[in-house]
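Okay, here's what each chain looks like letter by letter:
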Amino acid sequence: MSNYHIKQFEEYFQVYRKSVRNPEQFWEEIAEEHFTWKKRWSNVLSYDFKKAEFKWFEDAKLNITENCIDRHLHTRGDKTALLFEPNNPNDEAEHITYKQLHERVCKFANVLKDKGIKKGDVVCIYLPMIPELAISVLACARIGAIHSVIFAGFSSTAVSSRVNDCNAKMVITSDGSYRGSKTIDLKGIVDEALNDTPGIESVLVVNRINSGVYMKEDRDVWIQPLLDDASAVCNAEIMDAEDPLFILYTSGSTGKPKGMVHTIGGYMVYTAYTFKNVFQYREDDIYWCTADIGWITGHSYIVYGPLANGATSVMFEGVPSYPDYGRFWDIVEKHKISQFYTAPTAIRALAKQGAEFVEKYDLSSLKVLGSVGEPINEEAWHWYDENVGKKKSPIVDTWWQTETGGIMITPIPFSTPTKPTYATLPFIGVQPALMDESGKELKGNQVEGRLCIKFPWPSMARTIWGNHQRYKDTYFSAYDNMYFTGDGALRDEVGYYRITGRVDDVIIVSGHNLGTAPIEDAINEHPAVSESAIVGFPHDVKGNALYGYVTLKDVGESRNHDNLRMEINQLITDRIGPIAKLDKIQFTEALPKTRSGKIMRRILRKIAANEVDQLGDTSTLLNPEVVQSIIDNVK
Ligand code: PRX
């Protein structure tokens, strides 16, 4: 039996039991046998839930890029590491071998060094899904700089707040990006963002669309000439296992986005190990995750997890609808994809277009299908299973979070019997618990509660950049001695988990986490707006869509409400990005509030979901009459 590669259901249980009976010994074995370390750890794990301090492989030394690149050079030097599929299907795909990746990462790393970037410095990366995105991430890791990737759909305000929050010294961007039939002026967004970011010393610009952008003197440089001149030798910086590898921002229910910090050793071990097992990756497989590297899924399962296993990982620049809705399947056929990992929102959008787009293509190379980012509804699950997997490729519904670093609850394909809408069983080493609101653990099966994790796992985020107190308060204060996920879940009669959704004010729209507070802040900037409240409501493609209740300063506001709606959505686009735009905006005289002045979102959610018969008791509100007026207004 191999603990590293689990192939049978029985084996899963055996390895799982081992992993929870003696976690330190278990992870030590995995770490020792499958990775390259410069120096061994003095201690596998130390932790303190009260202080929210966790250390894995303490004192060990390594460089993650040696594990992801160098150690494959002898055995897999000519194997494709990254397979780049451009936006335009008529442009040729690019196969970057491990040897070439090594050279390109080393050159890039030398350019970073020449520009003054040192170990511990933070570099923000704002790039489309082009090879330079993965390469710059790895180049940072090579020299011990901390990368902070910002999804290239975020607005300039969102970019500048992240750049300032993490004190970045450099931004790496491109002149623009292709997105279906459109081009996007990324450099313009960065220029605007950097008006008020005193820490930024330089901006490296990749030429992607040949758009001849403005280059600020003494700050902006085109990267290609520097790469051409750079040496292809760059020794990997020796890092501590607990040094930060990256910062990645995620929305919170209140306040500004949280810069989740992941450290090197544990993250590497866990993402590699989950990748191998959850996708049952074998040497000649071609693996494709459709996520963007701007999100955690791309960090862990396009870059680090696959490369640590010497895999071939596909990077796709485009969108599923361009040039038509068959694009995903065209790519699956063209590159003979073995594992395909995507989000339910994409599946729903494609299912809506009918099966003819899928049927045109040969999908027989597919072995495993994955789903991530939000609950997958039953209809989408079956569509995926029947039309894409032809009922022979198991679907792995993988539950996890930016904070968890790697997949936490998931079937193991060909082992765990799947069940639609269920993420099924905890991955090796993961100890979930369901808690009730009073802080009691719900034991046994057929229970529903708040999902927590009772024991540390190697890839957990270690802190929030610059705000450890917030990390402690958000994740470790709701329940003693456990990590609180913010999600609700149920455990069925056989012990399978089904994630029921967020229990806080984070709303997942098309698989993207959106906090209500920053959206409300953006709306409230509008001069005519007095107050606002955002809730989610069910949407057949996005999973959830956003519903905004807005009160105006001047009740008799004479301006056209449709224009106001457009202005509000423009503000949201400017402050956060188009992903946070509202689907519905209802103007109302007041918002329902408790006697202590808190907005009763529960009621607003019911109204938005058209479940007004389930409002419950509203008589304790400060202003119960408002509820009826909102309902009448909807009609
Ligand atoms: O609510 C859960 C949902 O996505 C949240 C995490 O979002 P993010 O940090 O952006 O990471 C997404 C990619 C890992 C979770 O708290 N979520 C993620 N996967 C699933 C899910 N909900 C249900 N089923 C899933 N498979």
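Conventions used here
Residues numbered from 1 in each chain as written. Predicted model: local features only at pLDDT ≥ 70, side-chain atom pairs only at ≥ 80, totals over all residues. Heavy atoms only, no water. Near = heavy atom within 4 Å. Polar contact = N/O pair within 3.5 Å; in protein donor to acceptor, adjacent residues only side chain to side chain. Areas by Shrake-Rupley, 256 points an atom, 1.4 Å probe, with all protein chains shown as cover. Helix = DSSP H or I, 4+ residues; strand = E, 2+ residues; numbered from the N terminus. Nonpolar A, V, L, I, M, F, W, Y, C, P; charged D, E, K, R; others polar. Buried < 20%, exposed > 50% of the residue type's maximum accessible area, 1.4 Å probe, protein only. Pairing = 2+ DSSP bridges. Contact = heavy atoms within 4.5 Å. Core = buried A, V, L, I, M, F, W, Y, C linked by side-chain atoms within 4.5 Å. Axes fitted to C-alpha atoms, helices over the stretch in contact; angles between N-to-C directions. Phe/Tyr/Trp six-rings, centres within 6.5 Å; stacked < 30°, edge-to-face > 60°. Disulfide = S-S within 2.5 Å. Salt bridge = Lys/Arg side-chain N within 4 Å of Asp/Glu carboxyl O.

A. Fine view of the site of the ligand. Residues in contact with the ligand amount to 17 residues; listed here are only the nearest, Asp-397, Thr-398, Thr-402, Asp-487 and Arg-502. Between the ligand and Pro-375, the relevant distance is 3.4 Å, taken from a nitrogen atom to a main-chain nitrogen or oxygen of the residue. Thr-398 is positioned with one of its backbone polar atoms (N or O) 2.8 Å from a nitrogen atom of the ligand. The fraction of the free accessible surface of the ligand (540 Å²) that becomes covered by protein chains is 96%. Looking at the shell around the ligand, the elements that each hand over two or more residues are α11 (296-308), β20 (395-398) and β25 (497-502). Tallied by class, the residues present in the shell around the ligand amount to seven nonpolar, six polar and four charged.

B. The arrangement of unusual backbone geometry in detail. Following Tyr-322, the chain continues into Pro-323 via a peptide bond in cis, with omega recorded as -5°. Within the secondary structure, Pro-323 is located in the loop between β17 (312-316) and α12 (327-335). A positive phi angle is found at Phe-414, which is not glycine, with a value near 70°. Locating Phe-414 in the fold gives a position in the loop between β20 and β21 (432-435). Despite not being glycine, Thr-421 has its phi angle at roughly 75°, a positive value.

C. Seen up close, the pairing of strand β8 (residues 170-174). Of all five residues that make up β8, five are buried, and the element is covered over most of its length. Bridge analysis of strand β6 (residues 122-126) against β8 gives four bridges, and the strand direction is parallel. Counterpart to Ile-125 in the pairing with β8 is Ile-172.

D. Highlighting the environment of Glu-66. For Glu-66, the location among the structural elements is in helix α3 (residues 64-68). Given a relative accessible area of 17%, Glu-66 falls into the buried group. Remark: the alpha-carbon pair of Glu-66 and Gln-401, spanning 335 residues in sequence, is separated by 26 Å. Residues contacting Glu-66, with those up to four places away along its chain left out, are Lys-38, Arg-71, Arg-142 and Ala-236.

E. Examining the nonpolar core more closely. Formed by 126 residues in total, the largest nonpolar core has its most connected members in Trp-37, Phe-57, Leu-101, Leu-112, Tyr-273, Phe-279 and Tyr-304. The residues touching Tyr-304, leaving out its near neighbours within four places in the chain, are Ile-64, Cys-68, Val-137, Leu-138, Ala-141, His-147, Leu-245, Phe-246, Tyr-267, Thr-271 and His-299. One finds Cys-124, Val-163, Ala-528 and Ile-568 within the second-largest nonpolar core, a separate group that totals 45 residues.

F. Representation of the sheet that holds strand β28 (residues 529-539) within the structure. Spatially, three strands are ordered β28-β29-β30 in an open sheet, and the strand pairing comes out mixed. Here the strands that pair on one side only, and so sit at the sheet edges, are β28 and β30 (584-587). For this sheet, the mean inter-axis angle between neighbouring strands, taken without regard to orientation, is 20°. In this structure, β28 lies alongside strand β29 (residues 543-552), joined through ten bridges in antiparallel fashion. Following the sheet pairing, Glu-531 is matched in β29 by Thr-551. Across the sheet, helix α17 (residues 516-524) lies against β28 and β29, angled at about 135° from β28, the strand it touches most.

G. Summary view of the packing of aromatic side chains. Counting across every chain of the model gives 51 aromatic pairs. For the pair Tyr-4 and Tyr-273, a centre-to-centre distance of 5.5 Å together with 45° between the ring planes defines the contact as tilted. Taken as a pair, Tyr-4 in the segment before α1 (9-21) and Tyr-273 in helix α10 (residues 264-278) lie far apart in primary sequence, 269 residues in all. Residue class for Tyr-273 comes out buried when judged on its relative accessible area of 0%.

H. How the structure looks around the state of the cysteines. Under the definition given, this model contains zero disulfides. Of all cysteine sulfurs, the one in Cys-124 lies closest to Cys-166, which takes part in no disulfide; the gap is 3.8 Å. Left without a disulfide partner, Cys-234 is nearest to the cysteine sulfur of Cys-106, which lies 5.3 Å away.

I. The side chain of Asp-220, seen in detail. The residue Asp-220 is located in strand β12 (residues 220-222) in this model. Among the polar contacts listed, one links the side chain of Asp-220 to the side chain of Arg-219, at a separation of 2.5 Å.

J. Quick look at the pattern of salt bridges. Evaluated as defined, the whole model comprises 40 salt bridges. The partner of Arg-142 in a salt bridge is Asp-70, with the nearest N and O atoms 2.8 Å apart. Residue Arg-142 is located in helix α6 (residues 131-143), and its partner Asp-70 is located in the loop between α3 and α4 (73-76); the two are separated by 72 residues in the primary sequence. In this structure, Asp-505 engages Arg-605 in a salt bridge whose closest nitrogen and oxygen atoms are separated by 3.3 Å. Within this pair, whereas Asp-505 is found in the loop between β25 and β26 (506-509), its partner Arg-605 is found in helix α19 (residues 601-608), the two being separated by 100 residues in sequence. For Arg-605, a relative accessible area of 35% translates into the label partly exposed. Each of the salt bridges in this network shares a partner with another, and the network as a whole consists of Lys-187, Asp-191, Arg-219 and Asp-220.

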